[in-house]
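Reading the structure
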Amino acid sequence: MDDNQLLRYSRHILLPEIGIDGQDRLLASHVLLIGAGGLGAPVSLYLAASGVGKLTICDADEDDLTNLQRQIVHYTDSIGRKKVESARDTLKRINPETRVEIVAQRVAGALLEELVESADLVVDATDNFATRHAINRACVRFARPLVSGAAIRFDGQISVFDLRDPASACYHCLFPESGELEEMRCAVMGVFAPLVGIIGAMQAAEALKILTGIGETLNGKLLMLDALTMQWRSVRLRKDPACPVCMGGETAQVDQSRTSCQAG
Ligand SMILES: [Zn+2]
């Protein structure tokens, strides 16, 4: 690190748990962030400010006026632009050292697998179950840690699936694709603006902890927040011995008709 980097990251370096070694690990790391909306905004801001070396951000959408209430990486003059381009411009102003690569499309199939394989860690900040399951399958396949968050109305949740460890549960163990999941539409459900900030900031924190190897992560736990009362609940996650994704069985059929929104 040069003198400017030592200053820029000094408040991390002063933490004995992180120090120069931890900061060097962040500078050398590559995070794949899928979703540049409510959750992706704070995730991207904190990861770039923290000096994550490379951030690949994927999102197909364009900014519109209804996004600005909570998607704080975008500005009023971003309306009509691709979200990934607007996010890249904001992040560059915060930390020009973080290399931001953008993918302005909904990632799936071979492209998703290629992106997951190239990253050290994946943050799921998407808004639909089909994509969440596709990301999970790729993370299982390439043994990449997955930091998953969701927020709708006043309800938030966050979990880590550290798939480098074969004993870890995967997203499918928790939310089977054939499960009875309530269909939610973000356009009519609403989402409390700071909720995505709370959950997104926690996703960034878990990502930084995993990349630097410090502390105890949320692997094996699901935290659920009711922002109306600010009460947290913690649920222990168990690997499903019958999970078709992480236990090596046949991959279940994806129900493409289910269109749920969790990121707002
Ligand atoms: Zn599983």
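A brief report on the enclosed structure follows. (Residues numbered from 1 in each chain as written. Predicted model: local features only at pLDDT ≥ 70, side-chain atom pairs only at ≥ 80, totals over all residues. Heavy atoms only, no water.)

The next point concerns the nonpolar core. Counting residues in each nonpolar core, the largest one holds 38 residues, and the members touching the most others are Val-31, Leu-47, Ile-57, Leu-91, Leu-121 and Val-123. Ignoring any residue separated from it by four or fewer positions in sequence, one finds Val-123 in contact with Val-31, Leu-32, Leu-33, Ile-34, Val-43, Val-147, Gln-203 and Ala-207. (Core = buried A, V, L, I, M, F, W, Y, C linked by side-chain atoms within 4.5 Å. Buried < 20%, exposed > 50% of the residue type's maximum accessible area, 1.4 Å probe, protein only. Contact = heavy atoms within 4.5 Å.)

The complete set of buried residues in helix 3 (residues 19-27) reads Gly-19, Gly-22, Gln-23 and Leu-26. Along the long axis of helix 3, the arc covered by the buried residues comes to 95°, so they all point the same way. On its buried side, helix 3 packs onto helix 2 (10-13) and helix 10 (193-212). (Helix = DSSP H or I, 4+ residues; strand = E, 2+ residues; numbered from the N terminus. Arc of directions from axis to C-beta.)

Taken as a whole and judged by the stated rule, the model has 10 salt bridges. Here Arg-99 ties to Glu-101 by a salt bridge, and the two come within 4.0 Å at their closest N and O atoms. Close ionic contact of Glu-177 with Arg-137 constitutes a salt bridge, the shortest N to O distance being 3.2 Å. You can see Glu-177 sitting in the loop between helix 8 (171-174) and helix 9 (186-189) and its partner Arg-137 sitting in helix 7 (residues 129-142), a full 40 residues away along the chain. The network of salt bridges with common partners includes Lys-54, Arg-99 and Glu-101. (Salt bridge = Lys/Arg side-chain N within 4 Å of Asp/Glu carboxyl O.)

A few words now on the sheet that holds strand 4 (residues 121-124). Spatially, 3-2-1-4-5-6-7-8 is the arrangement adopted by the eight strands of the open sheet, whose pairing is mixed. Whereas interior strands pair on both sides, the edge strands pair on one side only; in this sheet they are strand 3 (99-103) and strand 8 (231-236). Direction aside, the axes of adjacent strands within the sheet are offset by 15° on average. As defined by bridge partners, strand 1 (residues 30-34) adjoins strand 2 (residues 54-58) across five bridges and the pair is classed as parallel. Directly across from Leu-33, in strand 2, lies its bridge partner Ile-57. Strand contacts of helix 4 (residues 40-49): strand 1, strand 2 and strand 4, with the helix running at about 165° to strand 1, the strand carrying the most contacts. (Pairing = 2+ DSSP bridges. Axes fitted to C-alpha atoms, helices over the stretch in contact; angles between N-to-C directions.)

Attention shifts here to helix 10. Given a rise of 1.5 Å per residue, 20 residues ought to cover 28 Å, and the 29 Å separating the end C-alpha atoms of helix 10 matches this to within 8%. At the exit of helix 10 stands Gly-213, carrying a positive phi of roughly 70°. (Expected span 1.5 Å × (residues − 1).)

Tetrahedral coordination by four donors sets the ideal angle at the metal to 109.5 degrees; octahedral coordination by six donors sets it to 90 or 180 degrees. Taken together, Cys-170 (SG), Cys-173 (SG), Cys-243 (SG) and Cys-246 (SG) make up the protein donors of the zinc ion, found 2.3 Å from the metal. Taken together, the four donor atoms coordinating the zinc ion span angles of 97 to 119° at the metal, a pattern that classifies the geometry as tetrahedral. Spacing between the donor residues of the zinc ion along their common chain follows C-x2-C-x69-C-x2-C. Its relative accessible area of 17% is what places Cys-246 among the buried residues. (Donors = N, O, S within 2.8 Å, 3.2 Å for Na, K, Ca; no water. Tetrahedral: all angles 85-135°; square planar, octahedral: opposite > 155°, others 65-115°.)

Glancing now at unusual backbone geometry. Positioned with a positive phi, Arg-153 is a non-glycine residue whose angle comes to about 50°. Assignment of secondary structure puts Arg-153 in the loop between strand 5 (145-152) and strand 6 (155-162). The phi dihedral of Met-230 falls on the positive side, at around 55°, and the residue is not glycine. Structurally, Met-230 is set in the loop between strand 7 (221-226) and strand 8.

What follows is about the environment of Gly-190. Tracing the backbone through its elements, the reader meets Gly-190 in the loop between helix 9 and helix 10. As for Gly-190 and Cys-139, which are separated by 51 residues in sequence, their C-alpha atoms are 30 Å apart. When residues no more than four places from it in sequence are discounted, the contact partners of Gly-190 are Ile-152 and Arg-153.

Among the five residues of strand 1, five are classified as buried, and the element is accordingly described as predominantly covered. The two faces of strand 1 match: His-30, Leu-32 and Ile-34 on one face and Val-31 and Leu-33 on the other face are all buried. Read from strand 1 through helix 4 to strand 2, the crossover connection turns out right-handed. Inspection of the sheet shows strand 1 paired to strand 4 by four bridges, in the parallel sense. Counterpart to Leu-33 in the pairing with strand 4 is Val-123. (Right-handed = clockwise from strand over helix to strand, strands pointing away.)

So, on to the side chain of His-30. Along the polypeptide, His-30 turns up in strand 1. Given the relative accessible area of 8%, His-30 is considered buried. Polar contacts involving the side chain of His-30 include one to the side chain of Thr-56, which spans 2.7 Å. At 2.9 Å, the side chain of His-30 and the backbone oxygen of Ser-118 are in polar contact. (Polar contact = N/O pair within 3.5 Å; in protein donor to acceptor, adjacent residues only side chain to side chain.)

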